[in-house]
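# Observations on chain architecture
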Amino acid sequence: MARSRRRREWAKATDDTDIFPAVDDDDEEAELSLMEEDDQPAESERFADLQLRLKRFGRAVVDRLPQLSVAIVAGLALCMSFPPFGWWYLAIAAFAMLAWLLTRESTMLAGGFGYGFLFGLAFYLPLLPWIGSFVGAIPWIALAAMEALFPALFGLGAVAVRRLSGWPFWFAAVWAAVEWLKSTLPFGGFPWGVVGFSQTDGPLLAIAQLGGAPLLSFAVVLVGFSLAALAFEVVKWWRDKDESHKSAPPAVVLPGVCIAAVLLTTALAWPHVRHSGVGAGDDPAITVAAVQGNVPRLGLEFNAQRRAVLDNHVRETAQLADDVRAGRAPQPMVVFWPENSSDIDPLTNPDARDEISIAAADVRAPILVGGVVAAPGYSPDNPVATNSVIVWNPATGPADRHDKKIIQPFGEYLPWRGFFRHLSSYADRAGYFVPGDGNGVVNAAGVPIGVTTCWEVIFDRAARESVLNGAQLLAVPSNNATFTQAMSEQQMAFGRLRAIEHDRYVVVVGTTGISAIIAPDGRELAHTAFFEPAYLDMQVRLKTQLTLATSWGPEIQGLLVALGVGAVIAAILHNGSFVRRLGRRSNDKGAT
């Protein structure tokens, strides 16, 4: 009523009664009531619309239940190809099942994205539960969901390229491109779950020496997709067979060639890998020891027991020294301690420095000590540090040093700390580590040793840089105290693949395990149990040869990525409807 009064006053003042005729207050209220009834649907209509939408959604889920089930089963199968299960052949089966989903005529682009996302969730959720053990369920689920976006992108790309001739090859190339992307973005990438790491017990592992984890992943998924293509063609031929007419044979040549090429490549690579793994040749031999001191208990609280962890490693090293003097163990030339074996800065703390010096003198060999070292700019309010491996000589103390270059986001440091602190109480648990520099090599007792500390070993560039800079032996010092045995077994697979990839012996040493000495053919020559104090002491060989993967790994991966991206672009350009729509939009812009 107030509004109608203002309108009459304005009309009177302007003498413009033709525009705003006089309106009775009661008439306006009735008009507004009718307008409200016309503009807003009734509550019952909204409820009926919601019921209809839910019914349609439920019907769509029921109609696609076989496809959804296959996506979930395929994701679980891929997960079980990784340690601790290690059923490598399930990775091939997983991609064969995924091919059935993505090559169906009824699967559109959105469907490919959705099936890929569901596949990714079923894969990553059971693969990464160890993350939830120390940061809670929400970050674990969030990480799994974020990583599932990459298989979803693959599903989208696969549907786009499926009409290209030889689709199994192009599917594998698109997968290679997506794996490169997930290993790069965000925050430096998350290569955990790269398919190649599932094959450390499989017959295709030797391919890693030719092109590293990217080429091995490509080979595995190519075999899976090619086997699916063979099955599809045989089924199609069988269904279309007419007894009165001789049907054409199924189109199996290209997938057959793909499978044969992978098997032939494997057969050619294995003899050299085996030859290197048995220690044949004139490579010099040295004795190394890996000390697993253990921690008082698992969990994040181990950082409050830093002195106890250091004491454990000193004690186990003393046991090794006693066994050497008694003739029960050979004299090591180099001793390896794990990451965070001295969370007390040994460069500034006299007690830690003395303890390590006594241990090195006792065992009469340099020790590679994993220490936390204050970085420039350190203060109580900004406790920045480097995660370092320090060569500790018996006579002179600290010498060469490797500062971890690839540090773990949301663990060793927190991106956007101020923002994430508002989202989770776990944010303040993240460390303040800063990345180091260097060439990834330290010298101990005259031996150039490549160091890839824990998280670094997942990234192709870390071990490769060390070997190209002269490393004749690789070390992977790790801290598994906050994780589970399943995580440690998955990480061991990384070391086994790096051994074959670069034709080097690899020493993996963890605070709680699993520690191992790995031959260049990926075999574990010796290993410890999980969560026990122990040491390994045995002979390894120093190698200098460079493999094809070491020399040309990035170029091989770049070629695979280019093939995948090129296939998607070619598919888009050959999509007539897409080109026509693009042309119409260009014409419309020109007309305006």
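Residues numbered from 1 in each chain as written. Predicted model: local features only at pLDDT ≥ 70, side-chain atom pairs only at ≥ 80, totals over all residues. Heavy atoms only, no water.

### A look at the overall build of the chain
Note the following rule: Only DSSP runs of H or I with at least four residues qualify as helices, and only runs of E with at least two residues qualify as strands; both kinds are numbered from the N terminus onward. Residue burial is assigned from relative accessible area. The probe radius is 1.4 Å, only protein chains are included, and a residue is buried under 20% of its type maximum, exposed over 50%, and partly exposed in between. Here a residue-residue contact requires only that any non-hydrogen atoms of the pair lie within 4.5 Å. Methods summary: accessible areas were calculated by the Shrake-Rupley approach with a probe of 1.4 Å, and residue burial reflects only the protein chains presented.
Scanning the chain for helices and strands turns up 18 helices and 12 strands. In the chain, buried positions account for 49% of the 592 residues. Long-range contacts, defined as pairs at least 24 residues apart, comprise 70% of the intrachain contacts of the chain with a sequence gap of at least 6. For the chain, the exposed area adds up to about 27,700 Å²; of that, 61% sits on carbon and sulfur atoms.

### A short note on the nonpolar core
Under the convention used in this document: Think of a nonpolar core as a cluster: buried Ala, Val, Leu, Ile, Met, Phe, Trp, Tyr and Cys residues, connected wherever their side-chain atoms sit within 4.5 Å. Throughout, the edges of the domains are those of an automatic or database domain assignment.
Of all hydrophobic cores here, the largest spans 96 residues; its most connected members are Leu78, Leu128, Phe154 and Trp192. When residues in this core are grouped by element, the largest group, 13 residues, is from helix 10 (residues 208–240). Taken together, domain 1 (59–237 + 250–277 + 561–572) and domain 2 (284–543) each give at least three residues to this core, which thus spans both. For Phe154, the residues in contact, after removing those within four places along its chain, are Leu98, Leu102, Phe171, Val174, Trp175, Val178 and Phe225. In this structure, Phe336, Leu368, Val451 and Leu536 belong to the second largest nonpolar core, which totals 24 residues.

### Remarks on the layout of surface pockets
Gaps left between atoms are located by rolling a probe of water-molecule size over the structure's atoms. As a reminder, the rule being used: Buriedness of a pocket was judged along seven lines, with at least five required to meet protein on both sides within 12 Å; pockets are open sets of points on a 1 Å grid over the protein atoms alone, cavities are sets where a 1.4 Å probe fits but cannot get out, and lining residues have an atom within 4 Å of a point. Grid points are joined across faces, edges and corners, and a volume is the space filled by probe spheres set on the points. Gly is placed with the polar residues, together with every amino acid not listed as nonpolar (Ala, Val, Leu, Ile, Met, Phe, Trp, Tyr, Cys and Pro) or charged (Asp, Glu, Lys and Arg).
Empty space within the second largest pocket amounts to approximately 600 Å³. When residues of the lining of the second largest pocket are traced back to their parent elements, those giving at least two are helix 9 (167–182), helix 10 and helix 11 (253–277). With six residues, the single largest contributor to the lining of the second largest pocket is helix 10. By residue class, the composition of the lining of the second largest pocket is nine nonpolar, three polar and seven charged.

### Comments concerning the sheet that holds strand 3 (residues 367–374)
Cut-off, in case you're wondering: Strand pairing requires that DSSP identify at least two bridges connecting the strands. Between N-to-C directions, angles cover 0 to 180 degrees, with each direction set by a line fitted to C-alpha atoms, over the stretch in contact for helices.
Across the sheet, six strands lie side by side as 5-4-3-2-1-12; this open sheet has mixed pairing. Two strands in the sheet have a free side with no partner beyond their single neighbour: strand 5 (397–403) and strand 12 (534–541). Between one strand and the next, the sheet's axes are offset by a mean angle of 35°, whatever the strand orientation. Inspection of the sheet shows strand 1 (residues 285–292) paired to strand 2 (residues 334–336) by three bridges, in the parallel sense. In the strand pairing of strand 2, Ala289 is matched with Val335. Packing against the sheet, helix 12 (residues 306–325) makes contact with strand 1, strand 2, strand 3 and strand 12, and its axis sits at approximately 140° to strand 1.

### Some details on the pattern of salt bridges
Note the following rule: Each salt bridge in this description consists of a side-chain nitrogen of Lys or Arg and a carboxyl oxygen of Asp or Glu lying within 4 Å of one another.
All told, the structure shown has 18 salt bridges when counted by the stated rule. Ionic pairing is found between Glu147 and Lys182, a salt bridge with its closest N-O pair at 3.8 Å. A residue pair is termed long-range when its members are at least 10 positions apart, and Glu147 in helix 8 (residues 137–161) and Lys182 in helix 9 qualify at 35 residues. With relative accessibility at 0%, the residue Glu147 sits in the buried group. In this structure Lys182 comes out as buried when scored by relative accessible area, which is 3%. Note that Arg325 is salt-bridged to Asp322, the shortest N-O span being 2.5 Å. With a gap of three residues between them, Arg325 and Asp322 both fall in helix 12, about one helical turn apart. Judged by relative accessible area, which is 48%, Arg325 ranks as partly exposed. A relative accessible area of 35% means that Asp322 is categorised as partly exposed.

### Comments concerning a nonpolar patch on the surface
Going by this rule: Within the patch definition used here, like charges are joined within 9 Å and nonpolar side chains (Val, Leu, Ile, Met, Phe, Trp, Tyr) within 5 Å, considering only residues with over 30% relative accessible area and no salt bridge.
Together, Leu109, Phe113, Met146, Leu149, Leu153 and Leu156 make up an exposed nonpolar region whose accessible area comes to about 460 Å². Of all the secondary-structure elements, those providing two or more residues to the nonpolar patch are helix 6 (109–127) and helix 8. Examining the composition of the nonpolar patch, we find that four residues originate from one element, helix 8, more than from any other. Along the chain, Leu109 turns up in helix 6.

### Regarding the packing of aromatic side chains
To keep things clear, this is the line we draw: Between 30 and 60 degrees the pair is tilted, below 30 it is stacked and above 60 it is edge-to-face, where a pair is any two Phe, Tyr or Trp rings, Trp via its six-membered ring, whose centres lie within 6.5 Å.
Summed over the entire model, instances satisfying the criterion amount to 22 aromatic pairs. Relative to Phe123, the ring of Phe82 has its centre 5.6 Å away and its plane inclined at 40°; by these criteria the two rings are tilted. Here Phe82 is found in the loop between helix 4 (65–80) and helix 5 (89–102), whereas its partner Phe123 is found in helix 6, with 41 residues between them in sequence. Comparing Phe82 with Phe123, the two get one shared label, buried. Between the aromatic rings of Trp130 and Trp192, the centroid separation amounts to 4.8 Å while the plane-to-plane angle is 45°, which identifies the pairing as tilted. Taken together, the positions of Trp130 in helix 7 (residues 129–135) and Trp192 in the loop between helix 9 and helix 10 put the pair 62 residues apart, joining distant regions of the chain. Among the aromatic side chains, those forming a connected cluster through ring pairs are Phe95, Phe119, Phe154, Trp167, Phe171, Trp175, Phe225 and Phe232.

### Comments concerning helix 10
Heads up, the rule is: Expected helix span is computed as 1.5 Å times (number of residues minus one). By definition, a residue's bend is the angle between the axes fitted to the seven residues ending there and the seven starting there.
Relative to the 48 Å expected for 33 residues at 1.5 Å per residue, helix 10 spans just 41 Å between its end C-alpha atoms, considerably shorter than the ideal helical length. At Pro214, helix 10 shows its maximal kink, close to 80°.

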